[in-house]
Amino acid sequence: MDHNDADLSPMSDDRATSRRRVIAGLLAGGAAVAAAPLLAGRASAATDAPTRDAADNSALNAGLEREMRMVATCLAAVNATSNADDKAAMTLIHDHHVAYVQALKGALGTEAGVGSNQPLASIGGTTAQIAGTLARLEEETVAAHLGILGGLRGTSAASLVASIITVEARHVAALGIVSGQSPLAAAAL
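Residues numbered from 1 in each chain as written. Predicted model: local features only at pLDDT ≥ 70, side-chain atom pairs only at ≥ 80, totals over all residues. Heavy atoms only, no water.

1. Comments concerning the overall build of the protein chain
What the protein chain contains, in helices and strands, is six helices and zero strands. Reading the protein chain from its N terminus to its C terminus gives the helix and strand order α-α-α-α-α-α. Across the 189 residues that make up the protein chain, the buried fraction comes to 36%. Look at the contacts in the protein chain between residues 6 or more apart in sequence, and 81% of them connect residues 24 or more apart. (Helix = DSSP H or I, 4+ residues; strand = E, 2+ residues; numbered from the N terminus. Buried < 20%, exposed > 50% of the residue type's maximum accessible area, 1.4 Å probe, protein only. Contact = heavy atoms within 4.5 Å.)

See below:
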């Protein structure tokens, strides 16, 4: 088998192909989030933990607030991006956050708070700068959700928040790569 040294370079000039791979990875993560509640409902772990606990409402509303603000921030990123592939990736991340808002509202039902639609940061600059800002905000959002997860009593709330954390961690890595980090640095290795 012949190998071309140009194919082995860590960063080729074909950034569109790299971005397509990032988008494909995000799509795979989105599919995992969509399937997680279904799979969690079929799990058969013996536990005394309630599936729903009203004591979780405050923490879930804090997560809802953060996600609503991420929706507004990601919408600003979509609007600030002009390249079609980059816009598609930003739109996908935005759509994930919209789905998280909907899922959290569904979990909270009538106990869902109103929340804020204020972006978490001002978004602008090059695609790399926008991705860097979003990567930082996603990382902060993962940390916030991890803090929430530790105090949840209900298994359905914990399952939902854990599924959100998983995909948002993928967002951090993907956005880190788009912002110019090496794949190892973006994966925190």
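Next comes the rest of the write-up.
2. Looking at the packing of helix H3 (residues 84-108) against helix H5 (residues 155-178)
Close contact between H3 and H5 brings their axes to 11 Å; oriented N to C, the two are set at 165°. Our classification of the angle between H3 and H5 gives roughly antiparallel. When the axes of H3 and H5 are compared, the crossing they make is left-handed. Of the residues in H5, those touching H3 at Met90, Ile93, His96, His97, Tyr100, Ala103, Leu104 and Ala107 are Leu160, Ile164, Val167, Glu168, His171 and Leu175. (Axes fitted to C-alpha atoms, helices over the stretch in contact; angles between N-to-C directions. Parallel < 35°, antiparallel > 145°, perpendicular 65-115°, else oblique. Left-handed = near helix turned anticlockwise from the far one by under 90°.)

3. Remarks on the environment of histidine 96
Along the chain, histidine 96 turns up in helix H3. On the basis of relative accessible area, histidine 96 is assigned to the buried category, the value being 10%.

4. Remarks on the pattern of salt bridges
Inspection of every chain in the model, using the stated rule, returns two salt bridges. With a closest N to O distance of 3.2 Å, arginine 136 and glutamate 140 form a salt bridge. One end of the pair is arginine 136 and the other is glutamate 140, both in helix H4 (residues 127-151) and four residues apart, which spans about a single turn. The class for glutamate 140 is partly exposed, based on a relative accessible area of 36%. (Salt bridge = Lys/Arg side-chain N within 4 Å of Asp/Glu carboxyl O.)

5. Concerning H3
When the terminal C-alpha atoms of H3 are compared, their 36 Å separation across 25 residues agrees well with the 36 Å that a helix rising 1.5 Å per residue should span. Among the residues of H3, Asp86, Ala89, Met90, Leu92, Ile93, His94, His96, His97, Tyr100, Val101, Leu104 and Leu108 are the ones counted as buried. Measuring from the side-chain oxygen of the N-cap residue of H3 to the backbone nitrogen of aspartate 85 gives 2.8 Å; that N-cap residue is asparagine 83. Positive phi appears at glycine 109, one or two residues downstream of H3, with a value of about 60°. (Expected span 1.5 Å × (residues − 1). Polar contact = N/O pair within 3.5 Å; in protein donor to acceptor, adjacent residues only side chain to side chain.)

6. Here we look at H4
Think of an α-helix as turning once every 3.6 residues; residues three or four places apart then point the same way. End to end, H4 covers 36 Å across 25 residues, agreeing with the expected 36 Å (1.5 Å per residue, within 8%). For H4, the set of buried residues is Thr127, Ile130, Ala131, Thr133, Leu134, Ala135, Leu137, Glu138, Thr141, Val142, His145 and Ile148.

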